[in-house]
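Breakdown of the fold
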Amino acid sequence: MLTFVAHKRLPYKKMLVLTGATIGFVLFVMVGEGVQEMQLAGWIPTSNIGVTFPGWIGTWLAVFPTWETLGAQAFAVAFSVGSYLFRRARPRKRPQRAGLEPARRPDAPPEAHPVAG
């Protein structure tokens, strides 16, 4: 709902970044909850970090005091932010800069070739 309200005031690029950040937050929560469920099923070992968090943090943010959940969430955040920064750091390849001619629309539609057979 926030994106629908904000889209009238934000340019499209900023709107896409805001939407990406929201999806990144959902990824963070889903990874934490997924690892927690796999730990409860016994598929992943549980290594407590020795700190207790308030219950609402686990309920709302899926942050649990185990190395596995925090490590998976840190990896997900690092991968997402890293891919965003990597894309921003890479220069865009434009045909004019490479000495190539940009694509053009054809003057006429392509001709149909008879089927051999």
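Report follows, based on the coordinates. Residues take numbers from 1 onward in each chain, read along the sequence in its written order. Local features in this predicted model are restricted to residues of pLDDT 70 or higher, and side-chain atom pairs are both shown and tallied only at a pLDDT of 80 or more, whereas totals for entire chains, interfaces and linings draw on every residue. Only hydrogens and water are set aside when side-chain values are computed; all heavy atoms of the structure are taken into account.

Notes on the environment of Ile 57
Our working rule: By the criteria applied, helices consist of DSSP H or I runs no shorter than four residues and strands consist of E runs no shorter than two, each listed in order from the N terminus. The contact rule is simple, with two residues in contact once any of their heavy atoms fall within 4.5 Å.
If you trace the backbone, Ile 57 turns up in helix H3 (residues 55-61). Residues within four places of Ile 57 in sequence aside, it is in contact with Ala 62 and Val 63.

Focus on a nonpolar patch on the surface
To be explicit about the condition: A patch consists of residues whose relative accessible area exceeds 30% and which take part in no salt bridge; residues with like charges are grouped when within 9 Å of each other, and nonpolar side chains (Val, Leu, Ile, Met, Phe, Trp, Tyr) when within 5 Å. Every accessible area reported is derived by Shrake-Rupley at a probe size of 1.4 Å, with residue values counting cover from the shown protein chains alone. Between Lys or Arg on one side and Asp or Glu on the other, a salt bridge is scored when a side-chain nitrogen of the former is within 4 Å of a carboxyl oxygen of the latter.
A cluster of nonpolar residues, Val 17, Val 77, Val 81, Tyr 84 and Leu 85, forms a patch on the protein surface that exposes about 410 Å² of accessible area. Mapping Val 81 onto the fold places it in helix H4 (residues 67-89).

Quick word on the packing of helix H2 (residues 12-41) against H4
To be explicit about the condition: Convention adopted: a line fitted to C-alpha atoms gives each axis, helices being fitted over their contacting stretch, and angles between N-to-C directions are expressed from 0 to 180 degrees. Note on angle classes: values under 35 degrees are labelled roughly parallel, values over 145 roughly antiparallel, values of 65 to 115 roughly perpendicular, and the remainder oblique. In this scheme the handedness of a crossing depends on how the near helix is turned from the far one: anticlockwise by less than a right angle means left-handed, clockwise means right-handed.
Viewed as axis vectors pointing N to C, H2 and H4 meet at an angle of 155 degrees, and their least axial separation amounts to 9 Å. Judged by the angle between their axes, H2 and H4 are roughly antiparallel. Viewed along their axes, H2 and H4 form a crossing whose handedness is right-handed. Contacts from Val 17, Leu 27, Phe 28, Val 31, Gly 32, Val 35, Gln 36 and Gln 39 of H2 reach H4 at Glu 68, Thr 69, Ala 72, Gln 73, Ala 76, Val 77, Ser 80 and Tyr 84.

As for H4
A turn of α-helix holds 3.6 residues, and therefore any two residues three or four places apart point the same way. Applied cut-off: One fewer than the residue count of a helix, multiplied by 1.5 Å, yields its expected span.
The end-to-end C-alpha distance of H4 is 31 Å, a good match for the 33 Å that 23 residues give at a rise of 1.5 Å each. Those residues of H4 that are buried are in contact with H2 and H3.

A look at the packing of aromatic side chains
Spelled out, the test is: Any Phe, Tyr or Trp ring, taking Trp's six-membered ring, that has another such ring centre within 6.5 Å forms a pair; planes under 30 degrees apart are called stacked, those over 60 apart edge-to-face, and the others tilted. Residue burial is assigned from relative accessible area. The probe radius is 1.4 Å, only protein chains are included, and a residue is buried under 20% of its type maximum, exposed over 50%, and partly exposed in between.
In this structure the tally under the stated criterion is one aromatic pair. Where Phe 75 meets Phe 79, the ring centres are 6.2 Å apart and the plane angle is 25 degrees; that geometry is what we call stacked. Note that Phe 75 and Phe 79 are positioned in helix H4 at a spacing of four residues, about one turn of the helix. Under the relative-accessibility criterion, Phe 75 is labelled exposed at 59%.

Details of H2
Between the first and last C-alpha of H2 there are 43 Å, a value that for 30 residues agrees with the 44 Å anticipated at 1.5 Å per step. Of the positions making up H2, those classed as buried are Met 15, Val 31, Gly 32, Val 35, Gln 36 and Gln 39.

Some points on a positive patch on the surface
Heads up, the rule is: Charge counting treats Lys and Arg as positive and Asp and Glu as negative, with His and both chain ends excluded. Charge coordinates come from a single atom per side chain, which is NZ of Lys, CZ of Arg, CG of Asp or CD of Glu.
The grouping of Lys 13, Arg 87, Arg 88, Arg 90 and Arg 92 at the surface amounts to a positive patch. Within the element layout of this structure, Arg 88 appears in helix H4.

Details of the side chain of Glu 68
As a reminder, the rule being used: Pairs of N or O atoms within 3.5 Å make up the polar contacts considered here, provided that, within protein, one atom can donate a hydrogen while the other can accept it, and that residues adjacent in sequence are counted only when both atoms are side-chain atoms.
Turning to its location among the elements, Glu 68 is positioned in helix H4. At a separation of 3.1 Å, a polar atom in the side chain of Glu 68 contacts the side chain of Gln 39. Excluding residues within four positions of it along the chain, Glu 68 makes contact with Val 35, Gln 39, Ile 44, Pro 45, Thr 46 and Ser 47.

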